[in-house]
Amino acid sequence: MTEKASEEDRKTRLTVLVALGANLVIAVAKAVGGLIATSPALLSEAAHSVADSLNEVFLLAALHRSRKPADRKHPFGYGKERFFWSLLAAVGIFVMGGCFSFFQAFEAFTSGGQEESHTGYVVGLAVLGVALVAEGSSLIRAVHQVRAQPGDGIGSDPALRTVLAEDSTAVLGVLLAAGGMALHMVTGHIEWEAGASLVIGLLLVYVAYGLGRSARDQLIGEAVDPDLRSGIHELLDAQDEIDYVAALHTMRLGMDSTLVAARIDLAPGIDSERLELVSERIKGEVRERWPEADQVFLDVVEAPQGVRH
């Protein structure tokens with residue numbers, strides 16, 4: 001692992017730890033406040049924070065396991081562990097956050113809820129106020145780190161993206177829960193809180209779907225972004241020894257690891273001894289320009305008639 005990658009991992013780990021600490025404290029506060037206020041919206045938010053806390057544990061495991069060195073069983077390393085644990089985090093958001101929020105909304109709509117005291121409302125809204133500050137602080141840190149990253153191609157971090165999505169939905173969820181409780185307090189109708197729980201559930205399901213789809217794409221072999229692929233193709237095509245690039249395939253293996261496999265037709269007159277030297281030089285140029293392209297394979301083929309330069 002390069003020094004730069006190690007530093008990025010350290011920053012991401014700190015961001016995840018900050019989010020984990022905030023969510024653990026907030027989950028307890030929301031659960032206690034929700035029970036005191038008998039608030040379905042606040043209990044939904046408590047489930048949301050519990051789900052986020054467990055997901056942060058998944059992400060810490062991803063950061064640790066994805067940096068294991070390659071071995072005989074995994075010759076390309078363990079980079080895709082990052083994507084696997086991010087997928088589990090998405091499932092956690094859906095099951096523990098979304099489904100529990102739907103349950104709270106259904107129960108409130110069908111039971112009519114309990115009579116709440118003024119103290120219960122005050123406690124619930126105070127808890128949400130503290131939660132908003134904590135979740136907002138964690139979100140600001142995540143946004144700051146995401147903006148410092150090189151874009152949405154090979155450098156994008158699924159662990160960091162998950163934290164950003166969780167913190168964003170947490171802030172929005174707190175605002176929805178507070179709105180539902182306030183309207184319930186003013187009107188006396190628990191349907192406002194039930195509706196807030198329903199919207200929170202829909203929001204969590206939407207986020208879980210987006211994160212899960214991204215992790216799925218990466219696990220089944222997502223190519224690098226088009227600009228990077230185009231750059232590699234242009235470099236190969238510009239080599240004097242390469243007559244024709246028949247095919248170029250790429251796949252992300254991890255945060256800073258990419259597989260590049262190209263089928264090329266060499267110019268006439270290159271013997272087998274020179275072929276090895278040319279191949280190693282071209283691979284070296286690709287790795288030097290794109291350090292993340294650490295697995296480069298060149299397959300020499302004969303170009304079809306009519307496509308030679």
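Sequence positions are assigned chain by chain, starting from 1 and proceeding in written order. Given that the model is predicted, a residue must reach a pLDDT of at least 70 before its local features are reported, and side-chain atom pairs must reach 80 or more before they are shown or counted; all residues, however, enter totals for whole chains, interfaces and linings. As a rule here, side-chain values cover all heavy atoms of the structure and leave hydrogens and water aside.

Draft legend 1. Looking closely at the side chain of Ser66. Helix and strand labels come from DSSP, where a helix needs a run of H or I of at least four residues and a strand needs a run of E of at least two; each type is numbered from the N terminus. Mapped onto the fold, Ser66 is located in the loop between helix 2 (40-65) and helix 3 (81-111). What makes two residues a contact is simply this: any of their non-hydrogen atoms within 4.5 Å. Once residues within four sequence positions are removed from consideration, Ser66 is found in contact with Tyr78, Gly79, Glu81 and Arg82.

Draft legend 2. Examining the sheet that holds strand 3 (residues 295-300) more closely. Two strands qualify as a pair provided DSSP detects at least 2 bridges between them. Spatially, 1-2-3 is the arrangement adopted by the 3 strands of the open sheet, whose pairing is mixed. Both outer strands of the open sheet, strand 1 (242-254) and strand 3, are each paired with one neighbouring strand and no more. On average, each strand axis in the sheet is inclined to that of its neighbour by 15°, with strand direction left out of account. Sheet analysis places strand 1 next to strand 2 (residues 257-266), joined by 10 bridges and oriented antiparallel. The partner of Met251 across the bridge, within strand 2, is Leu259. Whenever a helix is involved, its axis is fitted only over the stretch in contact; in every case the axis is a line through C-alpha atoms, and angles between N-to-C directions fall within 0 to 180 degrees. Contacting strand 1, strand 2 and strand 3, helix 8 (residues 272-289) runs over the sheet at an angle of about 145° to strand 3.

Draft legend 3. Geometry of empty space enclosed by the protein. With a 1 Å grid spanning the protein atoms alone, the term cavity applies to any set of points in which a 1.4 Å probe fits but cannot get out, the term pocket to an open set with protein on both sides within 12 Å along at least five of seven lines, and the term lining residue to any residue with an atom within 4 Å of a point. Grid points are joined across faces, edges and corners, and a volume is the space filled by probe spheres set on the points. Under the definition given, this model contains 1 cavity of 30 Å³ or more. Approximately 40 Å³ is the volume attributed to the largest cavity. If you go around the largest cavity, the residues you meet are Ser86, Pro158, Arg161, Thr162, Leu211, Ser214, Ala215 and Gln218. Listing elements by their share of the lining of the largest cavity, those giving two or more residues are helix 5 (158-187) and helix 6 (191-219). Broken down by element, the residue count for the lining of the largest cavity peaks at 4 residues, all from helix 6. Considered class by class, the residues forming the lining of the largest cavity number 3 nonpolar, 4 polar and 1 charged. Throughout, the ten residues Ala, Val, Leu, Ile, Met, Phe, Trp, Tyr, Cys and Pro are labelled nonpolar, Asp, Glu, Lys and Arg are labelled charged, and all others, Gly among them, are labelled polar.

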